Amino acid sequence: MRGARGPRGRCRRGAPHLHLPGRGHRDGTDGRRRRPARRNVLHGRPGLPARHAARRAVPRRPAERRDPRRRQPVLEQRRERRRPRGGDRHRPPAQRKGDAVTRLAPERQALRDAVAAFARDRLAPALPPDDGELSAEANRDLLKGAVELGLPGLLIPEEHGGGGGTQLDNAIAAEELGAVDAGFAAGLNLTMTVPGLILAAGTPEQKERWLPCIVAGETVLAGAMNEPSVAGSELFDPRPGPESGYRTRAVRDGDDYVISGAKAQWVTNAGIADAYIVFARTATDRPGVESTSAFWIPAGTAGLSCGPRSRLLGLRTGFHAEVFLDEVRVPASFRIGPEGEALRLLMSATPGMAVGLAATFVGVARAAEKLARAHTAARHSWGRPLREHQAVALDLAEMVVTVRTARLLVHEAATALDQKADPSELAVLVPAAKTRAVDAAIQCAQAAVRLHGATGVTTGAGPERLLRDAWTGYSCDFTREMLHLGIAVALPALDR
Ligand SMILES: Cc1cc2nc3c(=O)[nH]c(=O)nc-3n(C[C@H](O)[C@H](O)[C@H](O)COP(=O)(O)OP(=O)(O)OC[C@H]3O[C@@H](n4cnc5c(N)ncnc54)[C@H](O)[C@@H]3O)c2cc1C
């Protein structure tokens, strides 16, 4: 029986697959062969596989610089780079507008510019008017564009077909998307960062089977943890008793697990995901932190269903819904990591999720600052542009400082992750980046609403959507209080 129902298929060429009526492949894919992306937007080179797109964001060196015999001395190269040739385009990175703080390397500028172009040319026009909901079809279409840029697989190593990018790359991309639409950015961030679980603890077969489908944009992921009757902050309880933790249960039955329970209405990408990573208790005689396991459940698996799309204060272009599990049967080989270790794994293997979200909210803060700057330049009172009144000018200056300090902290956290900094350092930096970025988004969006006067509180005008998006950031992926408590718990380790 299990052989007929069990999701055993692969999405790789020539591999066996099983089809479900109406939902395609049980791995969360349609089982078809992946084709290379038709066009790589970074270089416009036909036939270049999408998975290489992020790497190709790095500009190729001219031939004479690749030839070691014709290599210039390093100092001479540097001098040449410093020589101004007129216009922003030819200035060295540190002198470009907007680069003074972060001093991005040329390959990162290329990534940022490509993602910014995608956000401007494809994401912005696709957004529904008056803050309506993005359709699932429009979301898929945008995902195709993201695949051309190599975004879904940006953090997946090259050996698994991904871009082999860094957390700093992720932060740079997420800020650009967040500056245009935080709902889409947050959904993509989830698919980009949850694979950290598989990379950290997946078996070679799981990696081979699932990661390439994520890179190719065939598998949108959802991470189903929070439950309606359990406080999301429970996860941070340092000494949970046997009664605490999630209620969703996974019971071993031969070579399978049978999973039953419900996940809260905020599960990102629920309803459009191709695979759900569900957290469930595999024992109840131990604290939740020692008895929760993670399972890969392809959409369409019998017993898995989603509620209607939730309507939130902000991030309305995202997809959020309840997830119901009614005796869902999955093979034991679909458990990710050791039994009972999923919560520890979540905290150690997916810090990129918080960093990506943080960068998304830096984008929101930046967008609010930009709107406020444009509005106060265009609108006049007492015979001059609003921004020439000193009180307004000081507000604008404050917003710029807020955006840039938040970005610095996010980049510091991303860089610390890339450099595999001490865990006690990361335990402070990562939550600090997330809370600072959301604070910055709220502060800037509030100022933008205020500086827009009545327009600021008018639906569809811009600033009010940013403020609602910013506020939603406080409640997603752990609240501000819980992140600060996490920092407080980590502090003693810094004393040593
Ligand atoms: C846009 C969005 C997307 C989301 N996506 C997902 C997803 O993909 N998957 C998923 O599983 N979940 C998701 N969530 C759920 C989210 O992670 C939780 O809502 C969040 O962790 C907070 O949990 P809660 O709502 O249960 O708040 P609670 O834990 O009930 O907290 C309520 C309030 O009490 C405070 N509080 C609680 N305990 C303490 C304490 N010990 N000390 C001080 N203050 C405390 C909190 O800070 C908060 O202010 C999402 C939520 C949103 C809004």
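Calculation rules
The numbering scheme is per chain: residues are counted from 1 as the chain's sequence reads. In keeping with the model being predicted, local features are shown solely for residues with a pLDDT of at least 70 and side-chain atom pairs are shown and tallied solely at 80 or more, while totals for entire chains, interfaces and linings include all residues. UniProt positions are given in the numbering used here, feature names are shortened, and annotations may be inferred rather than shown by experiment. Strands here are runs of E lasting at least two residues and helices are runs of H or I lasting at least four, both read from the DSSP assignment and numbered beginning at the N terminus. For a helix, the expected span equals 1.5 Å multiplied by the residue count minus one. What is called the bend at a residue is the angle between a pair of axes, fitted to the seven residues leading up to and ending at it and to the seven starting from it. Using the backbone to place each C-beta atom, any residue with that atom within 6 Å of a molecule or strand is considered near it. In this description, a line fitted to the C-alpha atoms serves as the axis of each element, helices being fitted only across the stretch in contact, and the angle between N-to-C directions of two axes falls anywhere from 0 to 180 degrees. In this scheme, roughly parallel covers angles under 35 degrees and roughly antiparallel covers those over 145, while 65 to 115 is roughly perpendicular and the rest are oblique. What makes a crossing left-handed is the near helix being turned counterclockwise from the far one by less than a right angle; a clockwise turn instead makes it right-handed. In this description, any two residues whose backbone-derived C-beta atoms lie within 7 Å of each other are considered to be in contact. Asp, Glu, Lys and Arg are counted as charged, while Ala, Val, Leu, Ile, Met, Phe, Trp, Tyr, Cys and Pro are counted as nonpolar; the rest, among them Gly, fall into the polar class. The term nonpolar core refers to a set of buried Ala, Val, Leu, Ile, Met, Phe, Trp, Tyr and Cys residues connected through C-beta atoms within 7 Å. The exposure scheme places C-beta atoms from the backbone and then counts, for each residue, the other C-beta atoms within 10 Å of its own, assigning buried at 20 or more, exposed at 12 or fewer, and partly exposed in between. Strands qualify as paired when DSSP identifies two bridges or more between them.

The protein chain has the name Acyl-CoA dehydrogenase in an unreviewed UniProt entry, where Actinomadura montaniterrae is given as its organism. According to the UniProt record, the Cofactor (unreviewed entry) comment for the protein chain is "FAD". Under the UniProt heading Sequence similarities (unreviewed entry), the note attached to the protein chain is "Belongs to the acyl-CoA dehydrogenase family."

### What to know about helix α17 (residues 480-495)
Here α17 contains 16 residues, and its C-alpha end-to-end distance of 23 Å stays within 8% of the 22 Å for a straight helix at 1.5 Å per residue. Of all the bends in α17, the greatest, near 25 degrees, is centred on Val 489, and the proline Pro 492 appears no more than four residues after it.

### Structural notes on the site of the ligand
In the vicinity of the ligand lie 23 residues, with Gly 232, Ser 233, Trp 266, Cys 476 and Glu 481 positioned nearest. Those elements that provide at least two residues to the shell around the ligand are β3 (221-224), β5 (256-268) and α17.

### A look at the packing of helix α8 (residues 182-193) against helix α13 (residues 351-378)
The geometry of α8 relative to α13 is characterised by a closest axis approach of 9 Å and an angle of 160 degrees between their N-to-C directions. If you check the angle between α8 and α13, you find them roughly antiparallel. Between α8 and α13 lies a crossing whose hand is right-handed. Within the contact between the two elements, α8 uses Ala 182, Ala 185, Ala 186, Asn 189, Leu 190, Met 192 and Thr 193 and α13 uses Gly 352, Met 353, Gly 356, Leu 357, Thr 360, Phe 361, Gly 363 and Val 364. Taken together, the residues that form the contact of α8 with α13 break down as 9 nonpolar, 6 polar and no charged.

### Re the nonpolar core
Within soluble globular proteins, side chains that are nonpolar generally end up buried alongside one another. Grouped together as the largest cluster of nonpolar side chains are 125 residues, with contacts concentrated most on Phe 295, Phe 361 and Val 410. When residues of this core are assigned to their parent elements, the largest contribution, 16 residues, is made by helix α15 (residues 423-451). Dropping the residues within four chain positions of it, Val 410 is found in contact with Ala 171, Val 355, Ala 358, Ala 359, Val 362, Ala 433 and Ala 437.

### Focus on the packing of α13 against helix α14 (residues 390-418)
Packing of α13 against α14 brings their axes to within 9 Å, and their N-to-C directions diverge by 160 degrees. Here α13 is positioned roughly antiparallel relative to α14, judged by the angle of their axes. With respect to the hand of their crossing, α13 and α14 are arranged in left-handed fashion. In contact with Pro 351, Gly 352, Val 355, Ala 358, Ala 359, Val 362, Ala 365, Arg 366, Glu 369, Ala 372, Arg 373 and Thr 376 of α13, α14 contributes Val 392, Leu 396, Met 399, Val 400, Thr 402, Val 403, Ala 406, Arg 407, Val 410, Ala 413, Ala 414 and Leu 417.

### Concerning the environment of Leu 151
Relative to the elements of secondary structure, Leu 151 occurs in the loop between α6 (136-148) and α7 (167-178). For the pair Leu 151 and Met 192, spaced 41 residues apart in sequence, the C-alpha to C-alpha distance is 7.3 Å. Residues contacting Leu 151, with those up to four places away along its chain left out, are Ala 146, Ala 173, Leu 188 and Met 192.

### Looking at the pairing of strand β6 (residues 275-281)
Of all 7 residues making up β6, 7 are buried, and the element is well covered by its neighbours. Here 4 bridges tie β3 to β6, and the two strands are oriented parallel to one another. From the neighbouring strand, Gly 223 faces β6, where its bridge partner is Ile 277. Judged from the 7 bridges that link them, β6 and strand β7 (residues 292-298) form a sheet pairing that is antiparallel. Following the sheet pairing, Tyr 276 is matched in β7 by Ile 297.

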